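Analysis of the macromolecular model
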Amino acid sequence: IAVLPAGKLQGIEALDPIMLYFKAGLLVALMIASPLIMLQVWYFIAPGLYAKEKRIALPFVFVSSLMFLTGAYFGHAVAFRVTWNFLIAFTPDFMVYNPTAGSVFSLYLRMVVGLGLIFEMPVVVFVLARFGMVTAKFLLKNFKYAVLIIFIVAAVASPGQDPASQMLFAAPMLVLYVISIGVAWMFGKKKPVDVD
């Protein structure tokens, strides 16, 4: 990783080198298996849908997998890099900053998987809207509360307790919330029209 200091990390435990490869392999496996995982999620929610709604299985799996991978890529390419640079900038001159491989990969893993899950927000809202549990009007009406909750979730979910990583979690969530309002409006359960 180009942003690491001198490109080197400490390995202080006997199994650190092999565990790094093992954890990286698990992360790659998770990314590759994400469509199958989303298919299992679909199988879980499908019994509660009507027959015509079950036809969207393939788009659901495709979109949910794409959103997870997009969030993971954002975590990899943007969030981790910005957070790492922020942490390096705060290293005082009297300190040698040479983190362990395990701690750096743990930070990386939490950012990549965490943002992958956060990017699922429109998909979750889609499912809730199809079940009639949320509406675009409800989401819009509670926007100010959503902003507060988003910043609380960002503070808790971001692995770094620094403002940079918290903002990198909160900003996408705000954008995704607005997108989710549109999703709920487009795909929400329509009220039956009374014919008298």
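Residues numbered from 1 in each chain as written. Predicted model: local features only at pLDDT ≥ 70, side-chain atom pairs only at ≥ 80, totals over all residues. Heavy atoms only, no water.

**What about the overall build of the protein chain?**
Of the regular secondary structure elements, the protein chain holds 7 helices and 0 strands. Counting helices and strands in the order they occur from the N terminus, the protein chain gives α-α-α-α-α-α-α. The principal-axis extent of the C-alpha atoms belonging to the protein chain is close to 80 × 35 × 20 Å. Looking at the protein chain residue by residue over its 196 residues, the buried ones come to 37%. Long-range contacts, defined as pairs at least 24 residues apart, comprise 78% of the intrachain contacts of the protein chain with a sequence gap of at least 6. Accessible surface, the protein chain: about 12300 Å² in total, of which carbon and sulfur atoms supply 74%. Both charge centroids of the protein chain, one from 14 positive and one from 8 negative side chains, sit 10 Å from each other. (Helix = DSSP H or I, 4+ residues; strand = E, 2+ residues; numbered from the N terminus. Buried < 20%, exposed > 50% of the residue type's maximum accessible area, 1.4 Å probe, protein only. Contact = heavy atoms within 4.5 Å. Areas by Shrake-Rupley, 256 points an atom, 1.4 Å probe, with all protein chains shown as cover. Lys, Arg positive; Asp, Glu negative; His and termini not counted. Charge placed at Lys NZ, Arg CZ, Asp CG, Glu CD.)

**Notes on the side chain of N142**
Turning to its location among the elements, N142 is positioned in the loop between helix 5 (136-141) and helix 6 (143-157). For N142, a relative accessible area of 18% puts it in the buried group. A polar contact of 2.9 Å, which involves the side chain of N142, links it to the backbone oxygen of F138. (Polar contact = N/O pair within 3.5 Å; in protein donor to acceptor, adjacent residues only side chain to side chain.)

**Quick word on the packing of helix 4 (residues 121-130) against helix 7 (residues 163-187)**
Angle between the axes and distance between the axes are the two parameters that describe a pair of packed helices. Contact geometry for helix 4 and helix 7: axes closest at 8 Å, N-to-C directions at 30°. Comparing the axis directions of helix 4 and helix 7 gives the class roughly parallel. Crossing geometry of helix 4 relative to helix 7 is assigned as right-handed. When helix 4 is examined against helix 7, the residues M121, P122, V125, F126, A129 and R130 are found in contact with a partner set consisting of M173, L176, Y177, I179, S180, V183, A184 and F187. (Axes fitted to C-alpha atoms, helices over the stretch in contact; angles between N-to-C directions. Parallel < 35°, antiparallel > 145°, perpendicular 65-115°, else oblique. Left-handed = near helix turned anticlockwise from the far one by under 90°.)

**Examining the packing of aromatic side chains**
The final tally for this structure, using the stated rule, is 6 aromatic pairs. Relative to F60, the ring of W42 lies with its centre 5.1 Å away and its plane at 45°, an arrangement referred to as tilted. Of the two residues, W42 sits in helix 1 (residues 16-45) while F60 sits in helix 2 (residues 57-89), which places them 18 residues apart along the sequence. Here W42 matches F60 in class, with each residue buried. Seen in terms of ring centroids, F80 and W84 are 5.8 Å apart; in terms of plane orientation they differ by 20°. Their pairing is stacked. Of this pair, F80 and W84 both sit in helix 2, 4 residues apart, which is roughly one turn of that helix. On the basis of relative accessibility, which here comes to 2%, the residue F80 falls in the buried class. Residue W84 is classed as buried on the basis of its relative accessible area of 1%. (Phe/Tyr/Trp six-rings, centres within 6.5 Å; stacked < 30°, edge-to-face > 60°.)

**Brief notes about the nonpolar core**
By size, the foremost hydrophobic cluster in this structure holds 46 residues, and its most contacted members are W42, F60, F80, F169, M173 and Y177. If you list the elements that add at least two residues to this core, you get helix 1, helix 2, helix 3 (101-118), helix 4, helix 5, helix 6 and helix 7. (Core = buried A, V, L, I, M, F, W, Y, C linked by side-chain atoms within 4.5 Å.)

**Focus on the packing of helix 1 against helix 2**
Axis separation between helix 1 and helix 2 bottoms out at 9 Å; the angle between their running directions is 140°. By the criterion of interaxial angle, the relationship of helix 1 to helix 2 is oblique. Handedness of the helix 1/helix 2 crossing: right-handed. Side by side, helix 1 and helix 2 meet where L30, M31, S34, P35, M38, L39, V41, W42 and I45 of the first sit next to A57, F60, V61, S64, S65, F68, L69 and A72 of the second. Residues belonging to the contact of helix 1 with helix 2 are distributed by class as follows: 14 nonpolar, 3 polar and no charged. (Nonpolar A, V, L, I, M, F, W, Y, C, P; charged D, E, K, R; others polar.)

**Some remarks on the confidence of the model for the protein chain**
Atom-level detail of predicted coordinates should not be read off regions where pLDDT is low. Across the protein chain, the average pLDDT comes to 83, with 92% of residues at or above 70. Mean pLDDT across the elements of the protein chain ranges from a minimum in helix 1, with 86, to a maximum in helix 5, with 91. (pLDDT = per-residue confidence, 0-100.)

**So, helix 6**
Taking 1.5 Å of rise per residue, 15 residues should cover 21 Å, and helix 6 covers 20 Å from first to last C-alpha, within 8% of that figure. Residues of helix 6 that are buried make contact with helix 7. (Expected span 1.5 Å × (residues − 1).)

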